[in-house]
Amino acid sequence: MSLTIEEINKMLDLRSDTSTLPTENMWKAMSEAVLGDGGRVDLTGRGEDPTVYELERLAADMLGKEDAMYVATGSLANHTALLAVTDRGDKVLVEKSAHIYINEKFDFMSKFSGLVPVFYHLDSDYQISAKEIEYLIQDNDIKVMCLENTHNYSGGTCLTPSCTKEICDLAHLKGIHVHLDGARIFNSAVAQNVDVKELVEPVDSLMFCLSKGLCAPVGSMLVGSSAFIEKARSVGKMMGTPMRQAGVIAAAGIVGLKENVSRLAEDHMKAKRLGQLLAGIDNAIMDPKADQTDFVYINVTPTGLTAQQITDGLREKGLLVAKMTDESIRLAVHKDITMEDVEKAAEIVIHYFASLK
Ligand SMILES: *Cc1c(COP(=O)(O)O)cnc(C)c1O
C-alpha cells in the first residue's frame, strides 16, 4: 500500500513537523549566503564557512552556552554528544521511550557505542521523580543522564525548568554529565513562557533541531561548553560530521532562529484546537494534559485495531498521520498546516473513528 511521492503531496499530511518547507526569507538568505570550506578546520576544529560560524555563534548565544556545532541531523548530534562523553560499556540513565533509546538505538548497540541503558520513568505529569533518580544514581555507576524536552512519545510534553534543575543538580553531585535531547526545546520554552536559556542552564550539553518547527530544511545544533564542543568536533570528525560549504543550508537555520521561534505559539494553538475538536471521540483515549505543544496523540486501543491499521485507514481517507507505538498515533501541526487543514483533519478522524463502532 505504498504511495508515490506525488500521491503523498496531494494528501493532508500531519505526520510530522519535519515536513515544514523553508520560508521566503530562508530562500533569500540561502541564495545570498557567504560560503567557505567548512571541512577545513582550525586547531579547535572550527571550519572556515562564515555562515556556519555565524549560526554556531547565534545558537550558543541564544542557549546561553559557550559554543555550538552545526550537524546534519538531530540523531547525529545526540550520537556525537554521547560519544564525546562516554567509553564503551558506560551506563547511561535514559527514559525508556526516549527518542535516543527507541529511535536512535546505535548508542546502545554493541556494534556502535555499546553503552548500557539504565531506565528511569516519567510520572503522570510527564516530569521526572527526584527520588527515583537519587536511587538510580546511588546504585549504578552512571556516566551520562539523558533528558528529552519536549518529550516526543509522551505527546510533545514539557519538562519544567524546576524539574530540570532539580534532576541536574542531583546528577552533578555525582559528576554525571547531563545531555538534553532538546529537538523541540524552543517549543517547550514558548509553551511554558520561559526563556530558553533558563530552561537549559542546568544541562551540560543539548541538541536541538532547526529542521522541525523552526522550518529550516536541514540541520541540528549541538550546544555546550567550549571544551565539550571541542571534544564533539574531534569525535565528530571520525564520523564525517564536518560539511564543506554548509553555509548554504546554515543560512536558513539563522533565519529560523531569528524569525521563527515566536511563531511556534501558533503551532501550539492549532494543536490545541485539534485536540479540542477530537476530544469527543469516545473510542479513543487522549490525555488533555499532554496537549502542550505541536502534537496531538491518540491511543487507539478502544477501537480494537492496531495503530498501523488506523494509520492505513486514515490514509485511505486522505489523511497521513504517524504511527508512534502499536497503540498510538500522532498528529503534528506546523507552519504549513493551516487552521482549515486542522478542521479538515479533525473531520476525517472523527468520521473514521465513528465508522469503526
Ligand atoms: C526528531 C528528533 C530527533 C532526531 O532528529 P533528526 O534530525 O530526525 O535525526 C531526536 N530527538 C527527538 C526527540 C526528535 O523528535
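Thresholds, definitions, all that
Residues numbered from 1 in each chain as written. Predicted model: local features only at pLDDT ≥ 70, side-chain atom pairs only at ≥ 80, totals over all residues. Heavy atoms only, no water. Helix = DSSP H or I, 4+ residues; strand = E, 2+ residues; numbered from the N terminus. Rg over C-alpha atoms; globule rule 2.2 N^0.38 Å. Buried < 20%, exposed > 50% of the residue type's maximum accessible area, 1.4 Å probe, protein only. Contact = heavy atoms within 4.5 Å. Salt bridge = Lys/Arg side-chain N within 4 Å of Asp/Glu carboxyl O. Pairing = 2+ DSSP bridges. Right-handed = clockwise from strand over helix to strand, strands pointing away. 1 Å grid on protein atoms, 1.4 Å probe; cavity = no way out; pocket = protein on both sides within 12 Å on 5 of 7 lines; lining within 4 Å. Points joined across faces, edges and corners; volume = space filled by probe spheres on them. Nonpolar A, V, L, I, M, F, W, Y, C, P; charged D, E, K, R; others polar.

Peer 1: Would you explain the overall build of the chain in this entry?
Peer 2: Along the chain, the regular secondary structure elements total 14 helices and 12 strands. At 20 Å, the chain has a C-alpha radius of gyration in line with the 21 Å of a compact globule built from 357 residues. Summarising its shape, the C-alpha atoms of the chain cover approximately 65 × 55 × 40 Å along the three principal directions. Across the 357 residues of the chain, 55% fall into the buried class. For the chain, contacts bridging at least 24 residues in sequence account for 74% of all contacts bridging at least 6.

Peer 1: Help me out: how do you make sense of the pattern of salt bridges in this one?
Peer 2: Two side chains that carry opposite charge are able to pair once their charged atoms sit near each other. By the definition in use, this model includes 21 salt bridges. A salt bridge links Arg40 to Asp37; its shortest N-O distance comes to 3.4 Å. Classification of Arg40 as partly exposed rests on a relative accessible area of 48%. The residue Lys165 makes a salt bridge to Asp169 at a minimum N-O spacing of 2.9 Å. Separated by 4 residues within a single helix, Lys165 and Asp169 lie in helix H7 (residues 161-173), roughly one turn from each other. A relative accessible area of 40% places Lys165 in the partly exposed class. You can call Asp169 partly exposed: its relative accessible area is 36%. Put simply, Glu56, Arg57, Asp61, Asp67 and Arg233 are held in one network by salt bridges that share partners.

Peer 1: How do you make sense of the pairing of strand E3 (residues 91-95) when you look at a structure like this?
Peer 2: Moving residue by residue along a regular strand, the side chains alternate between the two faces of the sheet. Of all 5 residues that make up E3, 4 are buried, and the element is covered over most of its length. Two strands pair when backbone bridges link them, and E3 and strand E4 (residues 116-120) are joined in this way by 5 bridges, in the parallel orientation. Paired with Glu95 across the bridge in E4 is Tyr120. A crossover links E3 with its parallel partner E4, the connecting element being helix H5 (residues 99-104), and its sense is right-handed.

Peer 1: So what exactly am I meant to see when it comes to the layout of surface pockets here?
Peer 2: Empty space among the atoms can be located by rolling a probe the size of a water molecule over them. Size it by volume and the largest pocket reaches roughly 570 Å³. For the largest pocket, the lining is made up of 27 residues, of which Tyr126, Ser154, Asp287, Ala290 and Tyr297 are closest to its centre. Among the elements of the structure, helix H12 (264-278) and strand E9 (295-299) are those that each provide at least two residues to the lining of the largest pocket. Examining the composition of the lining of the largest pocket, we find that 5 residues originate from one element, E9, more than from any other. Considering only residue class, the lining of the largest pocket consists of 13 nonpolar, 9 polar and 5 charged. Put simply, the second largest pocket is a space of about 310 Å³. If you trace the second largest pocket, you find 21 residues lining it, with Val41, Gly45, Gly47, Arg233 and Pro242 closest to the centre. Elements with a contribution of two residues or more to the lining of the second largest pocket: helix H3 (50-63), strand E2 (67-71) and helix H10 (226-239). The element that contributes the greatest number of residues to the lining of the second largest pocket is H10, accounting for 4 residues. Of the residues assigned to the lining of the second largest pocket, the class counts are 8 nonpolar, 6 polar and 7 charged.

Peer 1: Please clarify how unusual backbone geometry should be interpreted in this entry.
Peer 2: Leaving glycine out, the prevailing phi sign among residues is negative, and the prevailing peptide bond configuration is trans. Following Asn149, the chain continues into Thr150 via a peptide bond in cis, with omega recorded as 0°. Positive phi values are uncommon outside glycine, yet Lys105 reaches one of about 60°. Within the secondary structure layout, Lys105 lies in the loop between H5 and E4. Given the relative accessible area of 44%, Lys105 is considered partly exposed. The residue Tyr126 is not glycine, and still its phi comes out positive at about 65°. In this structure, Tyr126 sits in the loop between E4 and helix H6 (130-139).

That is the geometry; function is a separate question.
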